[in-house]
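Okay, here's what each chain looks like letter by letter:
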Amino acid sequence: MYSGFARATRPLSRALAPLGDRILIRKAVKETTTAGGILLPTDTGKDPNEGTVVAVGPGLRDVSGVLHAPNLKAGDTVLLPKYGGTEIEIGDDTMSLFREEDILGKFD
């Protein structure tokens, strides 16, 4: 009887909280213009290997139960491997989920 009402009040987008040592990252946008101002086709642009941290999981517990918090926080810019991660779509955004050990470095 109320199923139509429930559908109408459901939120339009979802939030994702990573678990364990997982880190949610929004990859940088592909460059479509060179430094000299030449426009590149979108399919030949180099995939960027950096991104911005959106959310961070609580960390991992070792065998003795001690929680090891991640070294990253939301807003950090990181260097990513060429391959890896799990791509997910949240609303209109496409993001990637990586383990902390897969991230290569952090930019200052």
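Before any of the text, the structure's been laid out above.
Residues numbered from 1 in each chain as written. Predicted model: local features only at pLDDT ≥ 70, side-chain atom pairs only at ≥ 80, totals over all residues. Heavy atoms only, no water.

Brief notes about the overall build of the chain
1) Next: Looking only at helices and strands, the chain has one helix and eight strands in total.
2) Next: Counting from the amino terminus, helix and strand elements in the chain follow one another as α-β-β-β-β-β-β-β-β.
3) Next: Across the 108 residues in the chain, those meeting the buried criterion constitute 22%.
4) Next: Within the chain, contacts between residues at least 6 apart in sequence are counted, and of these 61% link residues at least 24 apart.
5) Next: Accessible surface computed for the chain: about 8300 Å², of which carbon and sulfur atoms make up 55%. (Helix = DSSP H or I, 4+ residues; strand = E, 2+ residues; numbered from the N terminus. Buried < 20%, exposed > 50% of the residue type's maximum accessible area, 1.4 Å probe, protein only. Contact = heavy atoms within 4.5 Å. Areas by Shrake-Rupley, 256 points an atom, 1.4 Å probe, with all protein chains shown as cover.)

Focus: the pattern of salt bridges
1) Next: Under the defined criterion, the tally for this structure stands at four salt bridges.
2) Next: In this structure, the salt-bridge partner of Arg-26 is Asp-93, at a minimum N-O distance of 3.2 Å. Linking Arg-26 in strand β1 (residues 22–27) with Asp-93 in strand β7 (residues 93–99), this pair joins segments that are 67 residues apart in sequence.
3) Next: One salt bridge connects Asp-76 with Lys-73, and the closest N-O pair in it is separated by 3.2 Å.
4) Next: Note on Asp-76: relative accessible area 9%, which makes it buried.
5) Next: Because the salt bridges share partners, they merge into one network encompassing Lys-73, Asp-76 and Lys-106. (Salt bridge = Lys/Arg side-chain N within 4 Å of Asp/Glu carboxyl O.)

Some words on the side chain of Ser-96
1) Next: Looking at where Ser-96 falls in the secondary structure, it is placed in strand β7.
2) Next: By relative accessible area, which is 3% here, Ser-96 ends up buried.
3) Next: The residues touching Ser-96, leaving out its near neighbours within four places in the chain, are Ile-23, Leu-24, Ile-25, Lys-27, Thr-86 and Glu-87.

Focus on the sheet that holds strand β5 (residues 77–79)
Across a sheet, strands are paired by hydrogen bonds formed along the backbone, either parallel or antiparallel in direction.
1) Next: An order of β6-β7-β1-β2-β5-β8 is seen for the six strands of this open sheet, with the pairing classed as antiparallel. Lying at the two open borders of the sheet, with one neighbouring strand each, are β6 (86–90) and β8 (105–107). Neighbour-to-neighbour, the strand axes of the sheet open up by a mean angle of 45°, direction not taken into account.
2) Next: Note that β5 and β8 share three bridges and pair antiparallel. By the bridge assignment for β8, Leu-79 is matched with Gly-105. (Pairing = 2+ DSSP bridges. Axes fitted to C-alpha atoms, helices over the stretch in contact; angles between N-to-C directions.)

Re the environment of Val-78
1) Next: Along the polypeptide, Val-78 turns up in strand β5.
2) Next: For Val-78, a relative accessible area of 0% gives the class buried.
3) Next: Put simply, Val-78 and Gly-51 are 27 residues apart on the chain and 5.6 Å apart in space, counted from C-alpha to C-alpha.
4) Next: Val-78 has contacts with Ile-25, Asn-49, Glu-50, Gly-51, Val-53, Leu-72, Ile-103, Gly-105, Lys-106 and Phe-107, leaving out every residue within four places of it along the chain.

Any link to function would need more than the numbers given here.
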